[in-house]
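Below are the chains, spelled out letter by letter.
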Amino acid sequence: MITNISLVTVYCLDQDATRDFYVDVLGFIPGTDVTMGEGFRWVTLRHPSQPELEVTLMTPGPPLDEDAAAFVRRQLEKGSMGGLGLSVDDCRKTFEELSAKGVTFLQEPAERPYGVEAVMRDNTGNWLVLVEPRAFTPDDFS
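These numbers were taken from a predicted model, which means no experiment stands behind them.

A. Expanded view of the sheet that holds strand β2 (residues 29-36). As summarised here, the arrangement of the four strands in space is β1-β4-β3-β2, forming an open sheet in which the pairing is mixed. With partners counted over all chains shown, the strands left at the sheet margins are β1 (7-11) and β2, one partner each. Put simply, the sheet's adjacent strands are angled 25° from each other on average, direction ignored. Two strands pair when backbone bridges link them, and β1 and strand β4 (residues 50-58) are joined in this way by five bridges, in the parallel orientation. When the sheet's bridge partners are listed, V10 is paired in β4 with L57. The sheet contacts of helix α1 (residues 15-25) involve β1, β2, β3 (40-47) and β4, and relative to β3 the element is tilted by about 5°.

What follows is the structure in structure tokens.
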């Protein structure tokens, strides 16, 4: 029986730089960092309040074939890849704090039926959504 989600993948072009961004700017903690045969490197992060979920930072390559890896690299370079949704206590305050650290935002905090939302990019160009959640019903969208 499946009990939870334990691992999600975020593609990046430079594992060191992306790890440093998530750790130094966003407050994640380093997880595993090992090299396994053929130069494959396994780099993971965890958020302190959700240690059971690891984020693996993966460069486009095997097990993707070269066409797929090239496509992912192009999408990263264009800033067209989705990343993670991150819950925050205060979206406007987090926006101010991260903006002061030089984070690029695509959308400033805005009211949505489900809470306050802002959209930012990580250092690779992945979109990260910050959400200060609130209770909602389907009727809130009509």
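The discussion continues.
B. A look at the side chain of E117. Along the polypeptide, E117 turns up in strand β7 (residues 115-121). A polar contact of 3.2 Å, which involves the side chain of E117, links it to the side chain of R112. Setting aside its immediate chain neighbours within four residues, E117 contacts C91, Q107, E108, P109, A110, R112, V129, L130 and V131.

C. Just the pattern of salt bridges, in detail. The tally for this structure, following the rule as stated, stands at 10 salt bridges. Its salt-bridge partner being E66, residue R73 comes within 2.5 Å of it at the nearest N-O pair. With its nearest N and O atoms 3.0 Å apart, the salt bridge here joins R92 to E111. Highlighted residues: R92 in helix α3 (residues 91-100) and E111 in strand β6 (residues 105-112), separated in sequence by 19 residues. According to the relative accessible area criterion, R92 is partly exposed, its value standing at 40%. Each of D16, R19, D20, D33 and R41 takes part in salt bridges that share partners, so that together they form one network.

D. Here's a closer look at the sheet that holds strand β5 (residues 82-87). Reading across from one edge, β5-β8-β7-β6 is the order of the four strands in this open sheet, with mixed pairing throughout. Two strands close off the open sheet at either side, each with one partner strand: β5 and β6. The mean angle between the axes of side-by-side strands here comes to 15°, regardless of whether they run parallel or antiparallel.

E. View of the nonpolar core. If you look at the biggest cluster of nonpolar residues, it comprises 24 residues, and the most contacted ones within it are Y22, L26, L98, F105, M120 and L130. Counting only elements with at least two residues in this core, the list comes to α1, β3, β4, β5, α3, β7 and β8 (127-133). When residues no more than four places from it in sequence are discounted, the contact partners of M120 are F21, L26, L98, V103, T104, F105, L106, N126, W127, L128 and L130.

F. Quick look at a negative patch on the surface. A contiguous patch of negative charge, built from D89, D90, E96, E97 and E108, is present on the exposed surface. Assignment of secondary structure puts D89 in the loop between β5 and α3. Assessed through its relative accessible area of 77%, D89 is described here as exposed.

Definitions and cut-offs
- Residues numbered from 1 in each chain as written.
- Predicted model: local features only at pLDDT ≥ 70, side-chain atom pairs only at ≥ 80, totals over all residues.
- Heavy atoms only, no water.
- Pairing = 2+ DSSP bridges.
- Helix = DSSP H or I, 4+ residues; strand = E, 2+ residues; numbered from the N terminus.
- Axes fitted to C-alpha atoms, helices over the stretch in contact; angles between N-to-C directions.
- Contact = heavy atoms within 4.5 Å.
- Polar contact = N/O pair within 3.5 Å; in protein donor to acceptor, adjacent residues only side chain to side chain.
- Salt bridge = Lys/Arg side-chain N within 4 Å of Asp/Glu carboxyl O.
- Buried < 20%, exposed > 50% of the residue type's maximum accessible area, 1.4 Å probe, protein only.
- Core = buried A, V, L, I, M, F, W, Y, C linked by side-chain atoms within 4.5 Å.
- Patch = residues over 30% accessible without salt bridge, like charges linked within 9 Å, V, L, I, M, F, W, Y side chains within 5 Å.
- Areas by Shrake-Rupley, 256 points an atom, 1.4 Å probe, with all protein chains shown as cover.
- Lys, Arg positive; Asp, Glu negative; His and termini not counted.
- Charge placed at Lys NZ, Arg CZ, Asp CG, Glu CD.

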